[in-house]
6 protein chains.
Amino acid sequence: MEPARIQLVPKIRKVIYPGTFDPITNGHLDVIGRAADLFDEVIVALAMNSTKAPLFSELERIDLCKEAMKEVMPHSGHIRVDSFSGLLVDYAKKENAIAIIRGLRVLSDFEYEFQMALMNRKLEDITTVFVMPNEKYTYLNSTIIRELAKYGSDISGFVPECVNKKLKEKFSKK
Amino acid sequence: MEPARIQLVPKIRKVIYPGTFDPITNGHLDVIGRAADLFDEVIVALAMNSTKAPLFSELERIDLCKEAMKEVMPHSGHIRVDSFSGLLVDYAKKENAIAIIRGLRVLSDFEYEFQMALMNRKLEDITTVFVMPNEKYTYLNSTIIRELAKYGSDISGFVPECVNKKLKEKFSKK
Amino acid sequence: MEPARIQLVPKIRKVIYPGTFDPITNGHLDVIGRAADLFDEVIVALAMNSTKAPLFSELERIDLCKEAMKEVMPHSGHIRVDSFSGLLVDYAKKENAIAIIRGLRVLSDFEYEFQMALMNRKLEDITTVFVMPNEKYTYLNSTIIRELAKYGSDISGFVPECVNKKLKEKFSKK
Amino acid sequence: MEPARIQLVPKIRKVIYPGTFDPITNGHLDVIGRAADLFDEVIVALAMNSTKAPLFSELERIDLCKEAMKEVMPHSGHIRVDSFSGLLVDYAKKENAIAIIRGLRVLSDFEYEFQMALMNRKLEDITTVFVMPNEKYTYLNSTIIRELAKYGSDISGFVPECVNKKLKEKFSKK
Amino acid sequence: MEPARIQLVPKIRKVIYPGTFDPITNGHLDVIGRAADLFDEVIVALAMNSTKAPLFSELERIDLCKEAMKEVMPHSGHIRVDSFSGLLVDYAKKENAIAIIRGLRVLSDFEYEFQMALMNRKLEDITTVFVMPNEKYTYLNSTIIRELAKYGSDISGFVPECVNKKLKEKFSKK
Amino acid sequence: MEPARIQLVPKIRKVIYPGTFDPITNGHLDVIGRAADLFDEVIVALAMNSTKAPLFSELERIDLCKEAMKEVMPHSGHIRVDSFSGLLVDYAKKENAIAIIRGLRVLSDFEYEFQMALMNRKLEDITTVFVMPNEKYTYLNSTIIRELAKYGSDISGFVPECVNKKLKEKFSKK
């Protein structure tokens, strides 16, 4: 059975990977890379105003996301960094995205993600697609990274070089 | 930023939705429908020899899957029913699939699915993509359907008509 | 075997459904309705001082609970709205309640609820009874409702009309 | 606000506590005792044909349940031991029960119980009420009891005396 | 097979039990007692600056830990109370500890603990050893204790006498 | 504070790592290695009669455990391979072990392990100590290994060489 490609070709399958990215880590990059293999366009979308006391400002976080893309995935022209405020589903609708991408690292992510996914589907009938980052990133999240950086631990294995450099600047200033 | 479509268009993104489908339910169909919206081709792949004492034979299960597709998604030419024996990753590689699709209904599915997904990625670097069926199918699985059918409950809301009919035949014979 | 009704009739089985209700949702109302079918008297009990920065004041929340009862369950004379400060078990003892009612929506509620239920039983030997709201309220909680209302989403399917109206007022003022 | 007792008094609130009881343990008895405090009538209902290779026959299990009731709760005239085959909801409907009682000991019980509760509510709109047994029975289930009895461990703290005696007979014969 | 004791005898197996201990409870003491049975030296290590608005100051918390040791385990010369700031793994390395001890009470502790344990192992290759406190402490944590003390509940069964006394002082002053 | 070593030195801290080991994997070996770093003597204890249709006989499994020890930990004189039938706690008591070692890979292991640990502590007051294997073994268990070997997958990264060889023999014969 040959798939009816005619009606499918023109459709660009765009997905959104939302987050606070404070800062972006190798775990995020792993998810982005997988999404980029599966879909035509991936928007890395910074949720604005979502974090009360972020380490990095919104502009800094967007810049770090963009730099990280150049550093790690220089030839991935179909990945774009953007930001949004308001509800994710409203942004997804405006962007004409077919799905929201979320990384599921651990079970404790699961139910919060499920609730959000169900609510988003209810609000705008948008599907959430879950992918797992590599198991070596199971223990990795931005909170731990900030804590490690604060005490001068070597985090070069956990974040892209641009983030590592920026974190060092941030904490040497303090 | 415009995605570099040139190299992407010729690639048919094929995914595999494996299962025992004993029998196929509306929960399965919900997952298949979502996968069909996201990818170019979906193979509903019956895992052979995976169930010790199935209610339906492999041939019956494949037929029910095919009939259900015709009944529920008659115009989805890019969904195909197939079967495989051996390891799922070997089948996925042979089929040149870019991902395995799994439905995540409840948390208790989660860790088994994660283990399998991690192992499959280790063995053949294939990504597993999780989608959630509609919350009204949370309580639905083939075991419960078989139990309900056995005692003559009305299951018309939980399975496609062809499965409902076949289950009635099966249990009236007994 | 006929139950010995004589000693049971005079006993009014009163239960308490505690919460912060900021604001009351259709999920809460679903649990209240089920409790009302099972017991002689249900007290919807607002826990005062339990939320740091509530959207609605205590008086507003109590009023919304009362209005919601009138709107949704107008003939349920055995449901009462009340408030308490201090420990729930002390309030339950004072009210002579035989049980505390809690809704269990998702697994992540489970252990916190279990700890509280165990502690309450230890402190005053009061039983906690868990009921499940309809699965369509799985993704519903007051935090999500407040977020949706803030961005002007249509939440009429998730809250009683009186709450919907009050939320619109609240956020249009801002 | 005084509850409208007039229409409530004649209603006998009957609940069903289903199980395989192979054999009945102190954990089960703890749940039965709690249910008996909350409702007018409790039916301890043995699910027949539900266990493939039970240790005790159905008749033995019913007798042990009855003996245990006499031993532990001699004055609880409103607890009845019964058995049923087929679907629990059909039995509950026939008995005019207002709820099904289930003990929730551990999180791993949770999702199976939730699925069954949701399905039962869907089939016959019957509410499932969850209560927690005492935390000292967390580690207790019939499988562990059978294993301990088999190797001659002292299980007098975990089961009623009649079950302890019967288990000793069973395993000394073997 | 006789273990090669010669190289093992000189090694003092030291472990660290880190926490905020605001205040120390009988659940903590239960874990410390178990660790003291298994290893040569146990350091009860207060993590400084880890709690935003603690009930007790760091000095008070250390003193309560020391008093509790004297009260409950007066002859356990191999248990020491200490404090540390910065990363736990750096402290553990400095102290030459062979493992970190953590109590696992409930499943919701599990994944956070796992993430920290994996990260600590990655950073300094230190093993985390989990032990379970007695099941009667399942519902016990410092947050609940502070809440109960605030409303004047009897908490003598949950904390050592020195903590009980101090909590009464604290809340009678207020 | 110097620990009172005098009374501690003569005590050999022996622990038991029970399992079915059908067959032993690199995940098991990782746990055994960690236990060997923490305690004076580790008994790898094969639970006899615990598996209905094992791939390898008890003798084969014991031999593979012994060979694996020689292959992977040749100088670990304080690790011993043994077998037991009956209850684990009776064996542990007989061996004078101070603890039972269990690997916790995933959350779904957690509650079963907890129930067993609580029951064992109740029966013979023996402590269970949980350690995590390396995260790269999260997806690894004997069932998956047997399945992979059956279909001729390369499993050399998951099991010691002696097990790899034996599995190839086993499945080429069939």
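Residues numbered from 1 in each chain as written. Chains lettered and ligands numbered in written order. Predicted model: local features only at pLDDT ≥ 70, side-chain atom pairs only at ≥ 80, totals over all residues. Heavy atoms only, no water.

Chemist: I'm lost on the environment of N164 of chain F in this one. Help?
Modeler: Residues and elements named next belong to chain F. Note that N164 resides in helix α6 (residues 161–173). By relative accessible area, N164 is classed as buried at 4%. Beyond its immediate chain neighbours, meaning those up to four positions away, N164 contacts I155, S156 and V159. (Helix = DSSP H or I, 4+ residues; strand = E, 2+ residues; numbered from the N terminus. Buried < 20%, exposed > 50% of the residue type's maximum accessible area, 1.4 Å probe, protein only. Contact = heavy atoms within 4.5 Å.)

Chemist: I keep staring at the state of the cysteines and nothing clicks. Help me out?
Modeler: The bond known as a disulfide is covalent and runs between the sulfur atoms of two cysteines. Residue and element names in this part refer to chain C. Tallying each qualifying case throughout the model produces zero disulfides over all chains. Just so you know, C162 is unpaired, no disulfide at all, and the nearest cysteine sulfur is the one on C65, 8.9 Å from it. Residue classification places C162 among the buried residues on the basis of a relative accessible area of 11%. (Disulfide = S-S within 2.5 Å.)

Chemist: I would appreciate a short explanation of the pattern of salt bridges in the present structure.
Modeler: A side chain of one charge can pair with a side chain of the opposite charge if their charged atoms are brought near each other. Throughout the structure, instances matching the rule amount to 42 salt bridges over all chains. R80 of chain F serves as the salt-bridge partner of E41 of chain F, at 3.3 Å between the closest nitrogen and oxygen. One end of the pair, E41 of chain F, is in strand β2 (residues 41–47); the other, R80 of chain F, is in strand β3 (residues 79–84), and 39 residues separate them in sequence. Relative accessible area serves as the criterion here: at 7%, E41 of chain F is assigned to the buried category. R80 of chain F is the partner of E95 of chain F in a salt bridge, and the nearest nitrogen-oxygen pair spans 3.2 Å. Taken as a pair, E95 of chain F in the loop between α3 (88–94) and β4 (99–103) and R80 of chain F in strand β3 lie far apart in primary sequence, 15 residues in all. For E95 of chain F, a relative accessible area of 11% translates into the label buried. Salt bridges sharing common partners tie together K14, E41, R80 and E95 of chain A. (Salt bridge = Lys/Arg side-chain N within 4 Å of Asp/Glu carboxyl O.)

Chemist: Help me understand a negative patch on the surface in this model?
Modeler: Residues and elements named next belong to chain A. Together, D63, E67, E71 and E161 give the surface a local cluster of negative charge. Examining the composition of the negative patch, we find that three residues originate from one element, helix α2 (residues 58–72), more than from any other. Note that D63 resides in helix α2. Look at D63 and you get partly exposed, because its relative accessible area is 42%. (Patch = residues over 30% accessible without salt bridge, like charges linked within 9 Å, V, L, I, M, F, W, Y side chains within 5 Å. Areas by Shrake-Rupley, 256 points an atom, 1.4 Å probe, with all protein chains shown as cover. Lys, Arg positive; Asp, Glu negative; His and termini not counted. Charge placed at Lys NZ, Arg CZ, Asp CG, Glu CD.)

Chemist: Please clarify how the sheet that holds strand β4 (residues 99–103) of chain E should be interpreted in this entry.
Modeler: Strand pairing in a sheet relies on backbone hydrogen bonds. The paired strands run either parallel or antiparallel. Sheet architecture is open: 10 strands sit in the order β3(E)-β2(E)-β1(E)-β4(E)-β5(E)-β5(F)-β4(F)-β1(F)-β2(F)-β3(F), paired in mixed fashion. This sheet does not close on itself; its edge strands, each paired only once, are β3 (79–84) of chain E together with β3 of chain F. Put simply, the sheet's adjacent strands are angled 30 degrees from each other on average, direction ignored. Here six bridges tie strand β1 (residues 14–19) of chain F to β2 of chain F, and the two strands are oriented parallel to one another. The partner of V15 of chain F across the bridge, within β2 of chain F, is V42 of chain F. (Pairing = 2+ DSSP bridges. Axes fitted to C-alpha atoms, helices over the stretch in contact; angles between N-to-C directions.)

Chemist: Help me understand the packing of aromatic side chains, please; the structure alone is not making it clear to me.
Modeler: In this description, a pair of aromatic rings is defined by centroid distance and the angle of the planes. All names here are of chain C. A complete count under the given rule lists 15 aromatic pairs over all chains for this structure. Between F84 and Y91, the aromatic rings sit 4.9 Å apart at their centres with planes inclined by 15 degrees, giving stacked as the arrangement. Like Y91, F84 is buried. (Phe/Tyr/Trp six-rings, centres within 6.5 Å; stacked < 30°, edge-to-face > 60°.)

Chemist: Before we go on, may I ask you to explain helix α6 (residues 161–173) of chain E in this structure?
Modeler: Owing to its 3.6 residues per turn, the α-helix aligns residues three or four sequence positions apart on the same side. Residue and element names in this part refer to chain E. Over its 13 residues, α6 extends 19 Å from the first C-alpha to the last, a length consistent with the 18 Å expected when each residue adds 1.5 Å. Turning to α6, its buried residues number three or more, namely C162, V163, N164, L167, K170 and F171. Close packing links the buried residues of α6 with α2 (58–72) and α5 (142–150). (Expected span 1.5 Å × (residues − 1).)

Chemist: Looking at this model, I keep getting lost on the environment of F56 of chain C. Mind explaining?
Modeler: Residues and elements named next belong to chain C. As for its placement among the helices and strands, F56 is situated in the loop between β2 (41–47) and α2 (58–72). On the basis of relative accessibility, which here comes to 0%, the residue F56 falls in the buried class. Linking F56 and P23, residues 33 residues apart in sequence, is a C-alpha distance of 7.2 Å. In contact with F56, not counting residues within four places along its chain, are D22, P23, R61, L64, K166, L167 and K170.

Chemist: Looking at this model, I keep getting lost on the side chain of D22 of chain C. Mind explaining?
Modeler: Residues and elements named next belong to chain C. Tracing the backbone through its elements, the reader meets D22 in the loop between β1 (14–19) and α1 (26–38). Among the residues examined, D22 registers a relative accessible area of 3% and is labelled buried. Side-chain polar atoms of D22 contact the backbone nitrogen of L55, separated by 2.9 Å. Among residues more than four places away in sequence, those in contact with D22 are P54, L55, F56, R61, S142 and R146. (Polar contact = N/O pair within 3.5 Å; in protein donor to acceptor, adjacent residues only side chain to side chain.)

Chemist: What is the right way to look at the sheet that holds strand β2 (residues 41–47) of chain A in this model?
Modeler: In space, the 10 strands of this open sheet follow the order β3(A)-β2(A)-β1(A)-β4(A)-β5(A)-β5(B)-β4(B)-β1(B)-β2(B)-β3(B), with mixed pairing throughout. Each edge of the open sheet carries a strand with a single partner, namely β3 (79–84) of chain A together with β3 (79–84) of chain B. The mean inter-strand angle of the sheet, taken between neighbouring strand axes irrespective of direction, is 30 degrees. Two strands pair when backbone bridges link them, and strand β2 (residues 41–47) of chain B and β3 of chain B are joined in this way by six bridges, in the parallel orientation. Each bridged residue has a counterpart across the sheet, and for A47 of chain B the counterpart in β3 of chain B is F84 of chain B. Contacting β2 and β3 of chain B, helix α2 (residues 58–72) of chain B crosses the sheet at an angle of about 170 degrees to β3 of chain B.

Chemist: Help me understand the side chain of T25 of chain F in this model?
Modeler: Residue and element names in this part refer to chain F. Relative to the helices and strands, T25 is located in the loop between β1 and α1 (26–38). A distance of 3.1 Å separates the side chain of T25 from the backbone nitrogen of G27, its partner in a polar contact. Discounting chain neighbours no more than four positions away, the residues touching T25 are L140, S142, I145, F158, V159 and P160.

Chemist: Looking at this structure, I do not really get unusual backbone geometry. What am I missing?
Modeler: Residues other than glycine predominantly adopt negative phi, and peptide bonds predominantly adopt the trans conformation. The omega torsion of the bond from D22 of chain A to P23 of chain A falls at 0 degrees, within 30 degrees of zero and hence cis. By the element assignment, P23 of chain A lies in the loop between β1 (14–19) and α1 (26–38). The phi torsion at F21 of chain E lies on the positive side, around 50 degrees, for a residue other than glycine. Here F21 of chain E lies in the loop between β1 (14–19) and α1 (26–38).

Chemist: So what exactly am I meant to see when it comes to the environment of N134 of chain D here?
Modeler: Its place among the elements puts N134 of chain D in the loop between β5 (127–131) and α5 (142–150). Residues N134 of chain D and G27 of chain D lie 107 residues apart in sequence; the distance between their C-alpha atoms is 7.6 Å.

Chemist: Looking at this model, I keep getting lost on the confidence of the model for chain A. Mind explaining?
Modeler: Where the model shows low pLDDT, its predicted coordinates should not be examined in detail. Summarising the model, chain A shows a mean pLDDT of 85, and 88% of its residues fall at 70 or more. Two summary scores accompany this predicted model of the complex, namely pTM at 0.86 and ipTM at 0.84. (pLDDT = per-residue confidence, 0-100.)

Chemist: Looking at this structure, how should I read the pairing of strand β4 (residues 99–103) of chain B?
Modeler: Regular strands have side chains that alternate between both faces of the sheet. Residues and elements named next belong to chain B. Most of β4 is tucked away, with four of its five residues classed as buried. For strand β1 (residues 14–19) and β4, the ladder comprises two bridges, and the chain directions are parallel. Directly across from I16, in β4, lies its bridge partner I100. The sheet contact formed by β4 and strand β5 (residues 127–131) spans five bridges and is parallel. Directly across from R102, in β5, lies its bridge partner F130.

Chemist: How should the pairing of β1 of chain A be read in this particular structure?
Modeler: All names here are of chain A. With six of its six residues buried, β1 lies for the most part within the structure. Residue alternation in β1 divides its side chains into two sets, K14, I16 and P18 and V15, Y17 and G19, and both sets are buried. Note on the crossover from β1 through α1 to β2: the handedness is right-handed. (Right-handed = clockwise from strand over helix to strand, strands pointing away.)

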